[in-house]
Amino acid sequence: MSDELHNGSITAGRKKLISLRGVSKNFRKNGKEITVVNNCNLDIAENEFLVIVGPTGSGKSTFLKMIAGFEAPTTGEIRLGGEIIKGPGADRGMIFQEYALLPWRNVLKNVELGLEFKGGKSEARNRELAMKYIDMVGLSSAVNKHPVELSGGMKRRASLAMILVTKPKILLMDGPFNALDSKTKMTLHEEITRIWKHERNTIIFVTSDLDEAVKLSDRIAVMNRAGQISNIFRNDLPRPRTGKAALETDFHNRFVKLREEVLNEVKAGAGKAVCEY
Ligand SMILES: Nc1ncnc2c1ncn2[C@@H]1O[C@H](COP(=O)(O)OP(=O)(O)OP(=O)(O)O)[C@@H](O)[C@H]1O
Ligand SMILES: [Mg+2]
């Protein structure tokens, strides 16, 4: 399906950063070839906040992993700044569905890890940068704690700082706030929005929480059980989307309307599969 067919192609005047053309991914599962991502066409703009939703097993994580360069498309191509993506790179940071913290390192040492891989800076500078991002995600009081001592929300924050400290141009976030309590989630929504505005990075964010999708996104892409992008919704709701603004009747009505439209699209694309929406 062509991106132009959707009501959610890149906003005029924004610069294209990533483009997917005819992208499919097949895997062998139980001796059978399955198509997990199916002929996806999509452009993503610089500094865009794109959210991807869809039923479980619709290929969202696989989609992100291909942009990260961890998986290669079976057919089609993904370009970043005009160049075909051939593998992972320092310009992209991925936050996985599972935590990626090293259990034997404390928060500070985990966050420093990304910089150690990158090389080129002194130990003192690495520490200074790590502290800055730990502070940014609100974890200053837990720098010396090890992952086992952290709550789920703190682990998410530490993972976020670990990726942010490397200043990736593109942030790929796979359900980063899943299973967090709503208060922690709301705080992290404000933090990620602030970081995105400040660092001007491009975020591709997978979630099963449609409130989260509407709150954070510039556009919402819906994937269906066949691994296709069935529709893309543009989200023109003004920011900030929390606090006083969210209490305005007009804002609230538009918020709920968009969420309903996305929900209907997800349900339509879920087929007979169990759908968590
Ligand atoms: N390396 C692999 N080998 C074989 N099959 C795979 C592989 N990775 C993913 N799959 C299959 O591809 C399908 C899509 O998986 P994917 O993890 O991309 O879905 P998802 O949309 O992220 O699901 P969820 O919402 O549950 O996280 C699933 O059926 C999964 O079992
Ligand atoms: Mg997934």
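If you're wondering where the values come from, they're calculated on a predicted model, not measured in any experiment.

Student: It is not clear to me how the packing of aromatic side chains should be interpreted in this structure. Could you clarify?
Tutor: As enumerated under the stated definition, the model contains five aromatic pairs in all. Summarising the aromatic geometry, the rings of Phe 49 and Trp 196 are spaced 5.4 Å apart at their centres and angled 70° between planes, so their arrangement reads as edge-to-face. In this pair, Phe 49 sits in strand β3 (residues 49-53) while Trp 196 sits in helix α5 (residues 182-199), placing the two residues 147 residues apart along the sequence. Residue classification places Trp 196 among the buried residues on the basis of a relative accessible area of 6%. Among the aromatic residues, ring-to-ring pairing joins Phe 49, Phe 177, Trp 196 and Phe 205 into one connected group.

Student: Looking at this structure, how should I read the side chain of Thr 202?
Tutor: Along the chain, Thr 202 turns up in strand β8 (residues 202-206). The residues touching Thr 202, leaving out its near neighbours within four places in the chain, are Leu 17, Ile 44, Ala 45, Glu 46, Asn 47, Glu 48, Lys 169, Ile 170 and Leu 171.

Student: I tried to follow the pairing of strand β9 (residues 219-223) on my own but got confused; where do I start?
Tutor: A regular strand carries its side chains on alternate faces of the sheet. Burial analysis of β9 places five of its five residues in the buried class, which makes it a mostly covered element. Summarising the sheet, β3 and β9 pair through four bridges and their orientation is parallel. What sits directly across from Ile 52, in β9, is Ala 221.

Student: Honestly, the domain arrangement of the chain in this entry has me stumped. Any pointers?
Tutor: Interface extent is often summarised as the accessible area lost during association of the parts. Under the domain assignment used here, the chain contains domain 1 (3-91 + 169-270) and domain 2 (99-167). Here domain 1 and domain 2 have C-alpha centroids that lie 26 Å from each other. Here domain 1 packs against domain 2, burying approximately 1,200 Å² in sum over the two surfaces, 61% of which is carbon and sulfur. Counting across the interface, domain 1 meets domain 2 through two salt bridges. One salt bridge in this structure joins Lys 167 and Glu 199, with 3.3 Å as the shortest N-O distance. The interface formed by domain 1 and domain 2 contains six residue pairs in polar contact (both at pLDDT 80 or more). Elements with a minimum of two residues in the side of domain 1 that touches domain 2: β7 (170-174) and α5. The element contributing the most residues to the side of domain 1 that touches domain 2 is α5, with eight residues. Considered class by class, the residues forming the side of domain 1 that touches domain 2 number nine nonpolar, four polar and four charged.

Student: Just to check I follow, could you spell out the pairing of β7 for this structure?
Tutor: With respect to burial, β7 is a largely interior element, five of its five residues being buried. Side chains Ile 170, Leu 172 and Asp 174 project from β7 onto one buried face, and the interleaved Leu 171 and Met 173 project onto a second face that is buried too. Summarising the sheet, strand β6 (residues 92-95) and β7 pair through four bridges and their orientation is parallel. Bridge assignment links Ile 95 to a residue of β7, and that residue is Met 173. Sheet topology note: the β7/β8 ladder contains five bridges and is parallel.

Student: What is the right way to read the packing of helix α2 (residues 107-118) against helix α3 (residues 123-136) from this model?
Tutor: Two measures define how a pair of helices packs: the angle their axes make with one another and the distance between the axes. At a closest axis distance of 9 Å, the pairing of α2 and α3 adopts a crossing angle of 120°. Our classification of the angle between α2 and α3 gives oblique. Seen along the crossing, α2 lies across α3 with a hand that is right-handed. Counting all contacts with α2, which are made through Val 107, Leu 108, Lys 109, Val 111, Glu 112, Leu 115 and Glu 116, the residues of α3 involved are Asn 126, Arg 127, Leu 129, Ala 130, Met 131 and Ile 134. The residue inventory of the contact of α2 with α3, partitioned by class, reads eight nonpolar, one polar and four charged.

Student: Explain unusual backbone geometry to me, please; I cannot follow it from the model alone.
Tutor: Glycine aside, negative phi is the norm for most residues, and most peptide bonds take the trans geometry. At the junction of Arg 239 and Pro 240, the peptide bond is cis and its omega measures out at 0° in the coordinates. Residue placement: Pro 240 occurs in the loop between β10 (229-234) and α7 (249-270). For Asn 39, which is not a glycine, the phi torsion comes out positive at approximately 50°. Mapped onto the elements of the fold, Asn 39 is located in strand β2 (residues 32-45). Despite not being glycine, Asn 47 shows a phi value in the positive range, around 60°. Take Asn 47: it is sitting in the loop between β2 and β3. Note on Asn 47: relative accessible area 12%, which makes it buried.

Here is what the cut-offs are and how they apply
Residues numbered from 1 in each chain as written. Chains lettered and ligands numbered in written order. Predicted model: local features only at pLDDT ≥ 70, side-chain atom pairs only at ≥ 80, totals over all residues. Heavy atoms only, no water. Phe/Tyr/Trp six-rings, centres within 6.5 Å; stacked < 30°, edge-to-face > 60°. Helix = DSSP H or I, 4+ residues; strand = E, 2+ residues; numbered from the N terminus. Buried < 20%, exposed > 50% of the residue type's maximum accessible area, 1.4 Å probe, protein only. Contact = heavy atoms within 4.5 Å. Pairing = 2+ DSSP bridges. Domains from an automatic or database assignment. Buried area = accessible area lost by both parts, 1.4 Å probe. Salt bridge = Lys/Arg side-chain N within 4 Å of Asp/Glu carboxyl O. Polar contact = N/O pair within 3.5 Å; in protein donor to acceptor, adjacent residues only side chain to side chain. Nonpolar A, V, L, I, M, F, W, Y, C, P; charged D, E, K, R; others polar. Axes fitted to C-alpha atoms, helices over the stretch in contact; angles between N-to-C directions. Parallel < 35°, antiparallel > 145°, perpendicular 65-115°, else oblique. Left-handed = near helix turned anticlockwise from the far one by under 90°.

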